[in-house]
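Working through the structure, step by step
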Amino acid sequence: LRQSACTPLWYVVYRNRPSAKSVIHTHSMYAQLATLLDPTETSKVLRITHLEMLKGVGNHAYDDILEIPIIDNRPSEDLLADQLESVIQEYPNCNCVLVRRHGIYVWGDSWEQAKTQAESFDYLFQSAIEMKKMGLDPGFVPLHGTYRVDEELAGEDANEPTAKRLKTNKDGWNAASNVDNARDLAANVVPILPRDAKHLLLDIEGCTTAISFVKDTLFPFVLEHLDSYVNALQPTEYNSLAHALSQDLTPEQQANEEVDTKDCSSMVRFMVKNDLKLASLKSLQGQMWKFGYERGDLKGHVYSDVIHMMQWMQSHGVKIYIYSSGSVQAQKLLFGYSIHGNLCEFLDRHFDISTSGNKKQAASYVSICQDLNIPPSDLVFCSDAEAELEAAREAGVGHVVMTVRPGNAPLTAQGRKAYPQVFSLLQLCGL
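About the criteria used
- Residues numbered from 1 in each chain as written.
- Predicted model: local features only at pLDDT ≥ 70, side-chain atom pairs only at ≥ 80, totals over all residues.
- Heavy atoms only, no water.
- Salt bridge = Lys/Arg side-chain N within 4 Å of Asp/Glu carboxyl O.
- Buried < 20%, exposed > 50% of the residue type's maximum accessible area, 1.4 Å probe, protein only.
- Helix = DSSP H or I, 4+ residues; strand = E, 2+ residues; numbered from the N terminus.
- Phe/Tyr/Trp six-rings, centres within 6.5 Å; stacked < 30°, edge-to-face > 60°.
- Polar contact = N/O pair within 3.5 Å; in protein donor to acceptor, adjacent residues only side chain to side chain.
- Contact = heavy atoms within 4.5 Å.

All chains considered together, the criterion is met by 17 salt bridges. For arginine 195, the salt bridge is made with aspartate 196, and the minimal N-O distance between the two is 2.8 Å. For aspartate 196, a relative accessible area of 30% translates into the label partly exposed. A salt bridge links arginine 405 to aspartate 305; its shortest N-O distance comes to 2.9 Å. With a gap of 100 residues between them, arginine 405 in the loop between strand 12 (399–403) and helix 16 (413–418) and aspartate 305 in helix 11 (residues 304–315) connect regions that are remote in the sequence. With respect to burial, arginine 405 and aspartate 305 carry one shared label: buried.

So, about the packing of aromatic side chains. All chains considered together, the criterion is met by 6 aromatic pairs. On the numbers, 5.8 Å between centres and 20° between planes, the contact of tyrosine 293 with tyrosine 337 is stacked. Note that tyrosine 293 is positioned in helix 10 (residues 279–295) and tyrosine 337 in the loop between helix 12 (328–336) and strand 10 (349–351), a separation of 44 residues in sequence. The buried category is assigned to tyrosine 293, whose relative accessible area is 3%. Three or more aromatic residues joined by ring pairs make a cluster, and in this case those are Tyr323, Tyr365 and Phe381.

A few words on the side chain of threonine 403. With respect to the helices and strands, the residue threonine 403 is situated in strand 12. With a relative accessible area of 3%, threonine 403 lands in the buried category. Among the polar contacts listed, one links the side chain of threonine 403 to the backbone nitrogen of aspartate 384, at a separation of 3.5 Å. Excluding anything up to four places from it in sequence, threonine 403 contacts Gly206, Cys207, Cys382, Ser383, Asp384, Asn408, Val422 and Leu425.

Shown next as C-alpha cells:
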C-alpha cells in the first residue's frame, strides 16, 4: 500500500478546518461541468442561491448566497495544495472546493456528514447546470416567487415581518449582468433557418469540406496523373486544352520561365503551384477527378454535421445551393461520391466561377440571386473567406456567416468583429 496522491490535500483541510474528521474527493460529472458554466473559465467562484438543498451543505440557509471556490487543475493532485489552502482561508463558510475540469473536495465533522454534504453539493451542481440550460443564472436572487421585503420597502409597514434583504438585482454569469437579456438575444447574429431565410448558399473548402482534402488529396491526384491524362488526349483535344489554359494566363504569367504555353502540363503545374483559380484549370481538374471518383480512387470529404444540416433544411423547406471556385462538375462529384454517400439529392443548384463570376466580386452574388429569382436579402451565404463574405455583403446578401473549421486560415481582427462565426453548420438550424 502507498499513500494517496491527495494526501497533502487532506492535511491542508485538517490544518485549516480543525473540526473536520473526513474529506471526500470525487470526479463527479456534475461537479466537473459546473466549473465550465463560465465559458471563459476564469471565474474563481460559483454562486448558487435560493435552492432548498443549500440547507444540506452546512452554514447556509435557503436564501443565502453560497460561494463555492474554483481552483485550476494541475498535472497531479499534490500540486493543488497551495491553491486549496488559499481558497479555504478565503471562503471560511464553504465546506468544499471545486477543481476546474476535475472534480470536488468536500469535508465534514464525520464521514456521515461529509457524505451528506457531497450528495447535497452534487444536487446543487446538477441544478445549476439545468438552470443554465433554461437561461437561468443559479446565482441570481429571483425577483418573484420567493417571499421577502426589499430593502427600500422596509419600514413602510411596521406590521410586515422582517426578511433578508435583496442581495443583488442582476443575473448573467454569477449575477454579473442585467436581468433583461433582450440585448443578448438581439446580439445573436447567426441566422437560424428557416426562421430568418429559406435560401442557403454554401462554399465548399473550409465550409462543407476540409481544406486539407482539396490540397492534400484532390490536387495531388491531378498532378500525379496529369502527364498520362493529357498525353492520352487526341491532338485536337490537346491543342484545345492548351489554348484554353494559355488564354486564362496573363501576359506576365505566360512569360514566366516555368510556363510553356504549348505544354499543357507545365501550365497546369504553374497554376496549381500558384493557387490560381482559373476556369480552364478547374474544368480540367473536374474531368480528371471524375475519372478518380468513378474508379473508386477518390471519396469526397464532407464534415459529419453537413448531412444532418442538409436533412434539417430539406425537411423545413430550405433550399441549399453550392458556390465554389471548383467547377460544377467537380462539385457534383464531391457530393455525389462523398464518404457519406450521394448527397446531391439535398442540393438544388450549383454555381462556379464560369457560371457566376469571381467569388470576391459583389456582382457574382447579384448574378446568383437573379438566377434564383430571389432578392439578395433573402439569401444566407457561408464561407471561410473574408473577401467573399465582404463581396456578398456588398451585394446586399441578407446574412453572411464565417465558417470556422480545423485548418482554416486564422481570422483577422477585423473579420472576427465583422462576421458572425459558426463552428458547425448545425448552428444554422438552431441546434
